[in-house]
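The chain contents come next:
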Amino acid sequence: MTPKLSAYIAAGKALDADEREIAALALQQVDEADQAAIDDAWGEVIDRRLDELISGKVESVSGRETIAIARARSALRRR
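Quick look at the structure, then. If you're wondering where the values come from, they're calculated on a predicted model, not measured in any experiment.

### Observations concerning the overall build of the chain
Within the chain one finds four helices and zero strands. Secondary structure of the chain in N-to-C order comes out as α-α-α-α. The C-alpha atoms of the chain give 20 Å as radius of gyration, which overshoots the globular expectation for 79 residues (12 Å, by more than 25%). Counting only C-alpha atoms, the chain reaches 55 × 40 × 25 Å along its principal axes. Put simply, the chain has 79 residues, and 1% of those count as buried. Entry remark: accessible area of the chain is about 7,500 Å², with carbon and sulfur atoms responsible for 57%. Across the chain, 12 positive and 15 negative side-chain charges occur, with their mean positions spaced 17 Å apart.

Listed below in structure tokens is the structure:
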């Protein structure tokens, strides 16, 4: 964490609960132009991934398999 970010967080903690809530909501907002770019980028990712599935380039994995894979990889990193 950068010193600048640490300072912002410390200043945020000094706010009352209502001010913190307003600040948090303001930080989460994205302007319309940025949101359009984000939506376009996700659209491209979705299209690419669907093409990969349909073409057989990649194979789908169930949610349970995905969790098992993630847990196994996490366990290996902890060693």
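Once the structure has been displayed, the description carries forward.
### Here's the deal with helix 3 (residues 32-55)
The periodicity of an α-helix, 3.6 residues per turn, causes residues three or four positions apart to be oriented the same way. The terminal C-alpha atoms of helix 3, which comprises 24 residues, lie 34 Å apart, in line with the 34 Å expected from a rise of 1.5 Å per residue. At the N-terminal end of helix 3, a side-chain oxygen is found 3.2 Å from the backbone nitrogen of Ala 33, two or three residues along, and the residue is Asp 31. Note on helix 3: the residue one or two positions beyond its end, Gly 56, has a positive phi of about 85°.

### Observations concerning the pattern of salt bridges
When charged atoms on two side chains of opposite charge get close, those side chains can pair. For the structure shown, the criterion picks out one salt bridge. Here Glu 52 ties to Arg 48 by a salt bridge, and the two come within 3.4 Å at their closest N and O atoms. With Glu 52 and Arg 48 both in helix 3 and four residues apart, this pair spans about one turn of that helix. By relative accessible area, Glu 52 is classed as buried at 17%.

### Points about helix 2 (residues 17-28)
For helix 2, which comprises twelve residues, the first-to-last C-alpha distance of 17 Å matches the rise-based estimate of 16 Å (1.5 Å per residue) to within 8%. You can read the cap of helix 2 off the contacts: a side-chain oxygen lies 3.0 Å from the backbone nitrogen of Asp 18, and it is on Asp 16.

### Regarding a negative patch on the surface
There is a patch of like negative charges on the surface, built from Asp 39, Asp 40, Glu 44, Asp 47 and Asp 51. Looking at the element boundaries, Asp 47 is found in helix 3. Residue classification places Asp 47 among the partly exposed residues on the basis of a relative accessible area of 48%.

### Overview of the environment of Ala 36
If you trace the backbone, Ala 36 turns up in helix 3. Sequence-wise, Ala 36 and Arg 20 are 16 residues apart; in three dimensions their C-alpha atoms are separated by 27 Å.

Thresholds applied
- Residues numbered from 1 in each chain as written.
- Predicted model: local features only at pLDDT ≥ 70, side-chain atom pairs only at ≥ 80, totals over all residues.
- Heavy atoms only, no water.
- Helix = DSSP H or I, 4+ residues; strand = E, 2+ residues; numbered from the N terminus.
- Rg over C-alpha atoms; globule rule 2.2 N^0.38 Å.
- Buried < 20%, exposed > 50% of the residue type's maximum accessible area, 1.4 Å probe, protein only.
- Areas by Shrake-Rupley, 256 points an atom, 1.4 Å probe, with all protein chains shown as cover.
- Lys, Arg positive; Asp, Glu negative; His and termini not counted.
- Charge placed at Lys NZ, Arg CZ, Asp CG, Glu CD.
- Expected span 1.5 Å × (residues − 1).
- Polar contact = N/O pair within 3.5 Å; in protein donor to acceptor, adjacent residues only side chain to side chain.
- Salt bridge = Lys/Arg side-chain N within 4 Å of Asp/Glu carboxyl O.
- Patch = residues over 30% accessible without salt bridge, like charges linked within 9 Å, V, L, I, M, F, W, Y side chains within 5 Å.

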